[in-house]
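Commentary on secondary and tertiary structure
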Amino acid sequence: MLHYIINLIIFIPITIILIIASIKLTKFNSDNINKHKYVKVLERTNLNKDTSIFVLEMGDEGCVLASSPSKTEKIKVLSNNIKMPAIGFGTYKSGNEDETAEIVSYALKVGYRQIDTASFYGNEIGIGKGIKNSGIDREEIFIATKLWNDEHGYENTIKACNESLKKLQVEYLDLYLIHWPNELNAETWRALEYLYQCGKVKAIGVCNFKIGHLEELKKTAQIMPMVNQIEIHPLSAKEEMLQYCQKNNIQLVAWSPIMRGRVFSNELIIGLSEKYKKTIAQIILRWHVQRGVIPIPKSSNKERIKENLNIFDFEISNEDMKIINSLNESDSVSVSGVPDNTTYLKY
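Residues numbered from 1 in each chain as written. Predicted model: local features only at pLDDT ≥ 70, side-chain atom pairs only at ≥ 80, totals over all residues. Heavy atoms only, no water.

**Description of the overall build of the protein chain**
- Broken down by element type, the protein chain carries 12 helices and 14 strands.
- Split into buried and exposed, the 347 residues of the protein chain put 50% on the buried side.
- The contacts of the protein chain with a sequence gap of at least 6 include a subset with a gap of at least 24, amounting to 69%.
- Summed over all atoms, the accessible surface of the protein chain reaches about 17,500 Å², with 52% contributed by carbon and sulfur. (Helix = DSSP H or I, 4+ residues; strand = E, 2+ residues; numbered from the N terminus. Buried < 20%, exposed > 50% of the residue type's maximum accessible area, 1.4 Å probe, protein only. Contact = heavy atoms within 4.5 Å. Areas by Shrake-Rupley, 256 points an atom, 1.4 Å probe, with all protein chains shown as cover.)

Pasting the structure below:
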């Protein structure tokens, strides 16, 4: 009993102090860490699901409280409560079957848990092998693939999904997407709803849909897309689409998030890279994450693959986010053209 009372006497004042101090937390990011000589972490407490409190010893300034994003930042929760990793590994032009298997296996081993592919990429067999070779449990991996433009229509969509499942050597998909909008969107989407309801896919969504396409789909859909994957990077930030998706509970995902390296020569981004002591790619990928967008970078370089994942240990200040936002030119800035058999240009 005495031991219990002593513990209460010690614990209650500390708890009160932490609660009061948490109201005026020092933001734990690159801005203030760069200003101080960091010594060591004395204590860490999870304040809530989004924030952790650190007691830091900061050189001559003694001990201070600081906060940082918790590990939950690495996961996004879709409208149907399915958890989706906050960064994915892109596999477009991943090489031949063996090369794809090797690079996917490596990506999974270094920590990626989302693999993005498409029937159009022609690499689903290699990806399936890479997943098996990685030794990572299937349940830990979020697999997304896409329906190509010549596979639209109710029966064709179901057939295409089954073919993807076979090539990937899995029993279900975590996310199945319409790759590009099409005249048969309504019929095709009905097939995706069926695949979702019967459990072959855990979540359904679209790619390259504009607001007009989504509004048109609303007229016939029983279930709205959980995801819209579109081209987003600092030169085409798609702010209007981001706000629309947030309002309609649709998770926005960015393909070509670093513009295939075309922003690497931008002086503003180079300056931020030097300031935060991060690569240019890490700065841009972090910008995506802080906007609430899931980036899907791709690389065949193992060192870059690891670097691209290492974006959860720093935070870009609001002022620097605005600097990156200022690079936006227009929604039409793109690294690629529009394929055949799509209604992308309708809106």
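**Focus: the pattern of salt bridges**
- Under the counting rule described, the total for this entry stands at 11 salt bridges.
- A salt bridge links K278 to D313, with the shortest nitrogen-to-oxygen separation between them at 2.9 Å. Here K278, found in the loop between helix 9 (267–276) and helix 10 (280–291), pairs with D313, found in the loop between helix 11 (302–309) and helix 12 (318–325); they are 35 residues apart in sequence, far enough to count as distant.
- The exposure class of K278 is buried, given its relative accessible area of 12%.
- Here D313 falls in the exposed class, since its relative accessible area comes to 51%. (Salt bridge = Lys/Arg side-chain N within 4 Å of Asp/Glu carboxyl O.)

**Regarding helix 10**
- Taking 1.5 Å per residue, 12 residues should reach 16 Å; helix 10 reaches 17 Å between its end C-alpha atoms and fits that length.
- Here helix 10 lies mainly inside the structure; 11 of its 12 residues are buried.
- I280, A281, Q282, I283, I284, L285, R286, W287, H288, V289 and R291 are the residues of helix 10 that are buried.
- The first or second residue beyond helix 10 is G292, which carries a positive phi of 90°. (Expected span 1.5 Å × (residues − 1).)

**A few points about the pairing of strand 13 (residues 251–255)**
- Among the 5 residues that make up strand 13, 5 are buried, leaving the element largely enclosed by the rest of the structure.
- Here strand 13 shows a buried face lined by Q251, V253 and W255 and a second buried face lined by L252 and A254.
- Sheet topology note: the strand 12 (residues 227–231)/strand 13 ladder contains 5 bridges and is parallel. Along strand 13, the bridge assignment pairs I230 with A254.
- The handedness of the strand 12 to strand 13 crossover, carried by helix 8 (residues 239–247), is right-handed. (Pairing = 2+ DSSP bridges. Right-handed = clockwise from strand over helix to strand, strands pointing away.)

**Quick word on the confidence of the model for the protein chain**
- Summarising the model, the protein chain shows a mean pLDDT of 87, and 79% of its residues fall at 70 or more.
- The low-confidence segment residues 16–41, where pLDDT is below 50, has 50 contacts with residues more than four positions distant or belonging to other chains.
- In the predicted structure, residues 46–50 sits below a pLDDT of 50 and forms 12 contacts with residues beyond four places in sequence or in another chain. (pLDDT = per-residue confidence, 0-100.)

**Quick notes on a positive patch on the surface**
- Where like charges cluster on the molecular surface, the positive patch consists of K93, R260, R262 and K298.
- Here K93 falls in the exposed class, since its relative accessible area comes to 66%. (Patch = residues over 30% accessible without salt bridge, like charges linked within 9 Å, V, L, I, M, F, W, Y side chains within 5 Å. Lys, Arg positive; Asp, Glu negative; His and termini not counted. Charge placed at Lys NZ, Arg CZ, Asp CG, Glu CD.)

**Points about the nonpolar core**
- One finds L173 and Y176 to be the most contacted residues of the largest nonpolar core, which totals 88 residues.
- Per element, the largest residue contribution to this core is 7 residues, and it comes from helix 10.
- Ignoring sequence-local partners within four residues, the contact set of Y176 consists of T145, K146, L147, T157, A160, C161, L192, L195, V201, A203, I204 and G205. (Core = buried A, V, L, I, M, F, W, Y, C linked by side-chain atoms within 4.5 Å.)

**Observations concerning the sheet that holds strand 8 (residues 114–116)**
- Here we have 8 strands laid out as an open sheet, ordered 7-8-9-10-11-12-13-14, and parallel in their pairing. Both outer strands of the open sheet, strand 7 (89–90) and strand 14 (294–295), are each paired with one neighbouring strand and no more.
- Looking at chain direction, strand 7 and strand 8 are connected through 2 bridges and run parallel. Looking at the pairing, G90 lines up with D116 of strand 8.

**A few points about unusual backbone geometry**
- Backbone geometry at Q169 places phi at a positive 60°, although glycine is not the residue there.
- Its place among the elements puts Q169 in the loop between helix 5 (154–168) and strand 10 (175–178).

**Observations regarding the packing of helix 5 against helix 6 (residues 185–197)**
- Put simply, helix 5 and helix 6 touch, their axes get as near as 8 Å, and they point 45° apart. Our classification of the angle between helix 5 and helix 6 gives oblique. The crossing of helix 5 and helix 6 is right-handed. Contacts from Y154, T157, I158 and C161 in helix 5 reach E187, T188, R190, A191, L192, Y194 and L195 in helix 6.
- Its residues assigned to classes, the contact of helix 5 with helix 6 comprises 7 nonpolar, 2 polar and 2 charged. (Axes fitted to C-alpha atoms, helices over the stretch in contact; angles between N-to-C directions. Parallel < 35°, antiparallel > 145°, perpendicular 65-115°, else oblique. Left-handed = near helix turned anticlockwise from the far one by under 90°. Nonpolar A, V, L, I, M, F, W, Y, C, P; charged D, E, K, R; others polar.)

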